[in-house]
Amino acid sequence: MSDQNTTAAAYADIHTAGHEPVGGKQASRRTFLKASGGLIAGAAAQVAPAAAAQGTVAADNGPPDIMKRDPEASSLVSSIAEFVHGTGFGDLPDTIRRIARQHLLDTIGCCLAAARLETSRSLASYLTSEGGTGQATAISIPRQLPAPQAAFMNGLLARSLEFDDMAMPDLHPSGAIVPLILALCEWQCASGEQAILAYVIGLELCLRLDRAGYDRASRSSRFLERGQDATAICGTLAGAAAAAKLLGFHAKAIANAIGIAVSFAAGSLEANRSGGTIKRFQSGWAGKSAIQAALLAKYGVEGPAQALEGRYGFYHCFVDGQFDPHTLTDGLASVWQTSDLRFKPYPSNYYTHAGIDAALALRQKGLKADEVASAQLAVATPMLHTIGEPLDRKQAPQTAYEAKFSGPYTVASALIGGSGLGLGLDDFTDELIRDPARRALMRRISVTSDPRCDSIFPQQAPAILSVTTKDGRRMVEEVLINRGSPERPLSDDELAVKFSENCRSVLAPETTEALRSSIDRITEAKDLSEIVRILATVRG
């Protein structure tokens with residue numbers, strides 16, 4: 001099989017069959033989960049983002065098979081906890097294991113690329129000043145930290161460059177889950193198999209928790225529409241479940257860990273609109289909080305029995321009680337939404353990516369940046385709020401980080417020509433956003449919503465770029481399927497380029513290759529010492 005096809009196969013194995021069922025213990029687990037109320041009718045059906053909210057109801061008026069259960073014996077959180085407790089490494093399809101290894105590698109690369117950012121140094125100084133018993137490695141810090149603090153640091157790194165993976169419509173799950181997996185596995189001397197299992201469990205729950213809040217009417221996430229960072233919020237709960245799995249908890253303790261995590265979940269997206277660097281920290285805080293929630297459960301603290309669906313539970317607090325319980329539990333242990341993960345080819349908000357691809361395509365067709373009289377980037381309405389509003393700010397971002405959320409900046413930069421896989425880390429600097437030619441071009445690029453893009457979202461984050469040249473020509477480029485998605489995956493060679501680029505500032509080429517090899521063989525490892533040894537050499 002060619003390099004191009006290997007990555008595609010990791011997704012096609014599932015997507016061509018409506019998601020691959022697990023083997024081994026599948027039948028007995030599904031029977032058990034149905035008995036506990038964890039699976040509702042139609043358990044084997046795939047729940048895609050656009051369909052996830054069919055039959056969405058307020059929590060207090062849920063369907064009979066959910067709400068007539070004894071809440072003490074079987075609530076949503078208890079059903080999820082049974083899934084977490086009962087799932088073993090042997091239950092994971094080979095395809096899901098392969099996807100997990102690829103995304104673990106990708107996320108660690110993103111952590112390494114961010115090690116020398118000013119915000120990374122700020123958090124490193126703060127965490128070092130706090131002290132504490134050394135338990136785990138925090139990338140860029142020369143001494144071990146308590147495991148929750150190490151997860152905090154690594155989570156900041158994972159999300160800092162907007163280069164980590166994506167799941168539609170608004171989630172970056174690996175950035176919240178991988179940091180706590182690395183920290184806890186090192187501290188607990190867990191095996192590679194245990195690491196991958198906990199990682200997949202965390203991913204799966206993070207996706208389901210987020211997608212249960214999808215609003216079919218607006219075709220958007222209720223978390224996103226409220227300005228909430230779903231990655232940090234849902235990642236706290238999912239991370240607590242993954243941490244509890246690594247700590248060997250029974251189902252009741254897992255449920256307590258998730259319930260406790262509800263009180264720790266937080267995250268705002270306002271920094272995407274009006275600036276600030278705090279958003280970089282939120283997934284790290286989620287990882288830290290997830291470990292702390294699990295440890296509190298270990299020492300006897302209890303979470304609410306109806307932590308998710310209760311009158312004052314998770315979904316009431318965050319999305320006014322409007323959620324779909326089926327999305328949480330249907331198909332657990334048989335349908336893996338983890339297969340929907342997407343790689344990012346460009347270090348910017350995912351909603352900018354189709355516009356970047358369109359600009360790169362026009363450039364390849366001969367369009368020069370200085371020929372552009374005006375351009376219009378048409379996207380789905382939920383995307384517009386992130387990358388096109390307020391337009392005057394998006395046309396003049398104040399920092400390199402703000403530029404990652406700017407449709408005008410990313411299109412202009414792609415038309416000018418970028419690095420990496422088309423637009424890379426070197427194209428987002430404070431110097432470049434002040435470049436007079438780039439700023440002039442941004443002012444000629446508007447962003448609007450488009451009904452055709454609306455009809456495709458959130459299966460994809462599409463864009464249509466229309467350019468009028470100074471000599472009167474009109475050029476249009478449509479990108480309706482995102483590069484890096486399961487339907488249009490990056491090749492192994494492209495993933496290798498991205499990983500090498502991410503590592504180049506902190507690791508020698510031979511060390512980068514050793515790290516890649518160790519992660520590729522992670523399921524054979526009795527612990528993560530080989531990976532940790534390399535990560536511990538990185539300095540900020």
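Residues numbered from 1 in each chain as written. Predicted model: local features only at pLDDT ≥ 70, side-chain atom pairs only at ≥ 80, totals over all residues. Heavy atoms only, no water.

(A) Structural detail: the overall build of the protein chain. Summing up its helical and strand segments, the protein chain has 27 helices and 8 strands in all. Burial analysis of the protein chain (540 residues in total) assigns 63% to the buried set. Considering only contacts within the protein chain whose residues lie at least 6 apart along the sequence, 79% involve residues at least 24 apart. Entry remark: accessible area of the protein chain is about 18600 Å², with carbon and sulfur atoms responsible for 51%. (Helix = DSSP H or I, 4+ residues; strand = E, 2+ residues; numbered from the N terminus. Buried < 20%, exposed > 50% of the residue type's maximum accessible area, 1.4 Å probe, protein only. Contact = heavy atoms within 4.5 Å. Areas by Shrake-Rupley, 256 points an atom, 1.4 Å probe, with all protein chains shown as cover.)

(B) Molecular detail of the sheet that holds strand E5 (residues 372-379). Taken together, the 4 strands give an open sheet; going across it, the order is E6-E5-E7-E8, and neighbouring strands pair in mixed fashion. At either end of the open sheet lies a strand with only one pairing partner, and these are strand E6 (445-449) and strand E8 (474-479). Between one strand axis and the next, the sheet turns by 15 degrees as a mean value, whatever way the strands run. Bridging between E5 and strand E7 (residues 463-469) involves 7 bridges; their strand directions are antiparallel. Opposite Ala378, over in E7, you have Ile464 as the bridge partner. (Pairing = 2+ DSSP bridges. Axes fitted to C-alpha atoms, helices over the stretch in contact; angles between N-to-C directions.)

(C) Broad picture of the pairing of E7. For E7, the tally of buried residues reaches 6 of 7 residues, placing the bulk of the element in the interior. Connecting E7 to the antiparallel partner E8 that follows it, the hairpin turn spans 4 residues, and Gly472 within it adopts a positive phi of roughly 90 degrees.

(D) Broad picture of empty space enclosed by the protein. Enumeration over the complete set of coordinates arrives at 5 cavities of 30 Å³ or more. Every residue lining the largest cavity is counted, 13 residues in all, and those nearest its centre are Phe163, Gly420, Leu421, Gly424 and Glu501. Its residues placed into classes, the lining of the largest cavity shows 7 nonpolar, 3 polar and 3 charged. (1 Å grid on protein atoms, 1.4 Å probe; cavity = no way out; pocket = protein on both sides within 12 Å on 5 of 7 lines; lining within 4 Å. Points joined across faces, edges and corners; volume = space filled by probe spheres on them. Nonpolar A, V, L, I, M, F, W, Y, C, P; charged D, E, K, R; others polar.)

(E) Highlighting the layout of surface pockets. One number sums up the size of the largest pocket: a volume of about 560 Å³. Considering the residues around the largest pocket, the lining is formed by 26 residues, among which Leu117, Leu161, Arg280, Ala400 and Phe428 are closest to the centre. Mapped onto the lining of the largest pocket, the elements with two or more residues apiece are helix H5 (94-113), helix H6 (118-130), helix H20 (400-403) and helix H25 (492-503). Sort the elements by how many residues they give to the lining of the largest pocket and H20 lands first, with 3 residues. In terms of residue class, the lining of the largest pocket is made up of 9 nonpolar, 8 polar and 9 charged.

(F) Geometry of the packing of aromatic side chains. Summed over all chains, the structure comprises 9 aromatic pairs. Pairing Phe83 with Trp336 gives two aromatic rings, centres 6.2 Å apart and planes at 55 degrees, and the pair type is tilted. In this pair, Phe83 is assigned in helix H4 (residues 76-86) and Trp336 in the loop between helix H16 (325-329) and helix H17 (353-364), connecting sequence segments 253 residues apart. Judged on exposure class, the residue Phe83 and its partner Trp336 are both buried. Centre to centre, the rings of Tyr315 and Phe323 are 4.3 Å apart; their planes meet at 5 degrees, and the pair counts as stacked. The pair formed by Tyr315 and Phe323 is uniform in burial state, with each residue classed as buried. (Phe/Tyr/Trp six-rings, centres within 6.5 Å; stacked < 30°, edge-to-face > 60°.)

(G) Broad picture of the confidence of the model for the protein chain. Chain-level statistics for the protein chain give a pLDDT mean of 88 and a share of 86% at 70 or above. A low-confidence stretch, residues 1-73 (pLDDT under 50), is modelled with 165 contacts involving residues beyond four sequence positions or located in other chains. (pLDDT = per-residue confidence, 0-100.)

(H) How the structure looks around the pairing of E5. As judged from the 5 bridges shared by E5 and E6, these two strands associate in the parallel manner. Within E6, the position partnered with Leu377 by the bridge is Val447.

(I) Representation of the side chain of Arg438 within the structure. Here Arg438 is to be found in helix H23 (residues 436-443). Reaching out from Arg438, the side chain makes a polar contact with the side chain of Ser413 at a distance of 3.0 Å. (Polar contact = N/O pair within 3.5 Å; in protein donor to acceptor, adjacent residues only side chain to side chain.)

(J) Local environment of the pattern of salt bridges. Scanning all chains against the criterion turns up 23 salt bridges. Salt-bridge contacts for Glu162 lead to Lys344; the nearest nitrogen and oxygen are separated by 3.6 Å. Here Lys344 lies in the loop between H16 and H17 and Glu162 lies in the loop between helix H7 (147-160) and helix H8 (173-188), a separation of 182 residues in the sequence. For the pair Glu162 and Lys344, a shared accessibility class is recorded, and that class is buried. (Salt bridge = Lys/Arg side-chain N within 4 Å of Asp/Glu carboxyl O.)

(K) Examining the packing of helix H12 (residues 251-262) against helix H14 (residues 279-298) more closely. Across the interface, H12 lies against H14 with an axial gap of 8 Å and an inter-helix angle of 130 degrees. Classified by the interaxial angle, the pair formed by H12 and H14 is oblique. H12 and H14 meet at a crossing whose hand is right-handed. On H14, the residues touching Ala253, Asn256, Ala257, Ile260 and Ala261 of H12 are Ala293, Ala294, Leu296 and Ala297. (Parallel < 35°, antiparallel > 145°, perpendicular 65-115°, else oblique. Left-handed = near helix turned anticlockwise from the far one by under 90°.)

(L) Representation of the state of the cysteines. Scanning all chains against the criterion turns up 0 disulfides. The thiol of Cys110 is not disulfide-bonded; the next cysteine sulfur, from Cys111, is found 7.1 Å away. When its relative accessible area of 1% is taken as the criterion, Cys110 is described as buried. (Disulfide = S-S within 2.5 Å.)

(M) Local environment of the side chain of Thr338. Residue position: Thr338 is located in the loop between H16 and H17. Not counting chain neighbours up to four residues away, the residues in contact with Thr338 comprise Ile96, Ile99, Val200, Leu203, Glu204 and Leu207.

(N) Summary view of the environment of Leu425. For Leu425, the position within the fold is in the loop between helix H21 (407-416) and helix H22 (430-433). The partly exposed category is assigned to Leu425, whose relative accessible area is 22%. For the pair Leu425 and Phe163, spaced 262 residues apart in sequence, the C-alpha separation works out to 9.0 Å. With sequence-adjacent residues up to four places away left out, Leu425 is seen in contact with Ala113, Leu161, Phe163, Pro347, Ser419, Glu501 and Asn502.

(O) View of the environment of Arg516. Take Arg516: it is sitting in helix H26 (residues 509-520). Exposure remark for Arg516: the relative accessible area of 18% places this residue in the buried category. It is 6.9 Å that separates the C-alpha atoms of Arg516 and Leu105, two residues lying 411 residues apart in sequence. Contacts of Arg516, omitting those with residues within four sequence positions, involve Leu105, Ala496, Phe499 and Ser500. A distance of 3.4 Å separates polar atoms of two side chains, one belonging to Arg516 and the other to Ser500. Within the structure, Arg516 has its side chain in polar contact with the side chain of Glu513 (distance 3.0 Å).

(P) Broad picture of the nonpolar core. Counting residues in hydrophobic clusters, the biggest one holds 117 residues, and the most contacted among them are Leu112, Ile181, Leu308, Phe314, Tyr315 and Leu515. Sort the elements by how many residues they give to this core and helix H9 (residues 192-211) lands first, with 12 residues. The contacts of Phe314, once residues within four sequence positions are left out, are Phe223, Ile233, Cys234, Leu237, Val262, Ala307 and Leu308. Counting residues in hydrophobic clusters, the runner-up holds 45 residues, among them Tyr350, Leu423, Leu441 and Met442. (Core = buried A, V, L, I, M, F, W, Y, C linked by side-chain atoms within 4.5 Å.)

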